[in-house]
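Topology and contacts: notes
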Amino acid sequence: MEHLKTKSKRFQDAMRHPTNFFKHGNPKLKDGYHPRSVEIFVLDSINSYNQIFKRLTTNMVLFLAWTAIQDKMPKLMPKEIESMLIQHFSWDYLAGLTRPDFFAKVAPLLN
C-alpha cells in the first residue's frame with residue numbers, strides 16, 4: 001500500500017477501482033446493472049485460473065456445475081462431476097436448489 005501512495009492520484013484510483021467496485025458496486029449504474037453480473041466475473045476468473053494452473057478447485061467445479069444447471073448450459077458442466085450428479089440426483093431437483101444448498105448437497109460427494 002505504501003508503494004501505491006507514491007503514485008499519482010489517477011493511478012491510485014485506477015488500482016483501487018476493482019476493489020471498490022466489488023466492495024460497493026458502482027453507484028453511477030442506476031439502470032442497467034444486473035445482479036448476476038458478479039457471476040460473469042467469477043466465471044471469467046475460474047477460466048483464467050484454469051488456463052494458468054491447468055486445474056480447478058472443488059468450489060470452482062461446484063460453481064461451474066451449479067451455473068450449468070441453472071442456466072441450462074451443459075457445456076459449462078465439468079465432466080468430472082456430471083456422471084456423479086446423474087447417479088445421485090435428478091436435474092429438476094438440482095435446478096431447484098439455491099447456490100448454498102447446491103454446494104451443501106453436492107460438496108460432500110466430491111470429497
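What counts, and at which threshold
Residues numbered from 1 in each chain as written. Predicted model: local features only at pLDDT ≥ 70, side-chain atom pairs only at ≥ 80, totals over all residues. Heavy atoms only, no water. Buried < 20%, exposed > 50% of the residue type's maximum accessible area, 1.4 Å probe, protein only. Helix = DSSP H or I, 4+ residues; strand = E, 2+ residues; numbered from the N terminus. Arc of directions from axis to C-beta. Contact = heavy atoms within 4.5 Å. Patch = residues over 30% accessible without salt bridge, like charges linked within 9 Å, V, L, I, M, F, W, Y side chains within 5 Å. Areas by Shrake-Rupley, 256 points an atom, 1.4 Å probe, with all protein chains shown as cover. Salt bridge = Lys/Arg side-chain N within 4 Å of Asp/Glu carboxyl O. Core = buried A, V, L, I, M, F, W, Y, C linked by side-chain atoms within 4.5 Å. Phe/Tyr/Trp six-rings, centres within 6.5 Å; stacked < 30°, edge-to-face > 60°. Lys NZ or Arg CZ within 6 Å of the ring centre and 35° of its normal.

Regarding helix α5 (residues 79–88), the residues found buried are I81, M84 and L85. The buried residues of α5 occupy an angular sector of 105° when projected down its axis, which confines them to one face. α5 presents K79, I86 and Q87 as exposed residues on the side facing more than 90 degrees away from its buried surface. Looking at the packing, one finds that the buried side of α5 touches α4 (58–70), α6 (91–95) and α7 (99–110).

Together, F22, V38, F41 and V42 give the surface a local cluster of nonpolar side chains, amounting to about 330 Å² of exposed area. A per-element tally of the nonpolar patch places helix α3 (residues 37–53) first, with 3 residues. With respect to the helices and strands, V38 occurs in helix α3. According to the relative accessible area criterion, V38 is partly exposed, its value standing at 34%.

All right, on to the nonpolar core then. Nonpolar side chains in soluble globular proteins tend to end up buried together. One finds L62, M77, I81, L85, L94, F102 and V106 to be the most contacted residues of the largest nonpolar core, which totals 21 residues. Residue assignment for this core shows that the elements contributing at least two residues are α4, α5 and α7. It is α4 that contributes the most residues to this core, 9 residues altogether. If sequence neighbours within four positions are ignored, F102 has contacts with L62, A65, W66, I69, L85, L94, L97 and A107.

A separate point is the packing of aromatic side chains. All told, the structure shown has 4 aromatic pairs when counted by the stated rule. Relative to F53, the ring of Y49 has its centre 4.7 Å away and its plane inclined at 45°; by these criteria the two rings are tilted. Residue Y49 and its partner F53 are located together in helix α3, separated by 4 residues, close to a single helical turn. Between the aromatic rings of F89 and Y93, the centroid separation amounts to 5.8 Å while the plane-to-plane angle is 15°, which identifies the pairing as stacked. Among the residues examined, Y93 registers a relative accessible area of 35% and is labelled partly exposed. A cation sits over an aromatic face here: R99 above W66, 5.0 Å from the ring centre.

Interpretation in functional terms is not warranted from these geometric data alone.
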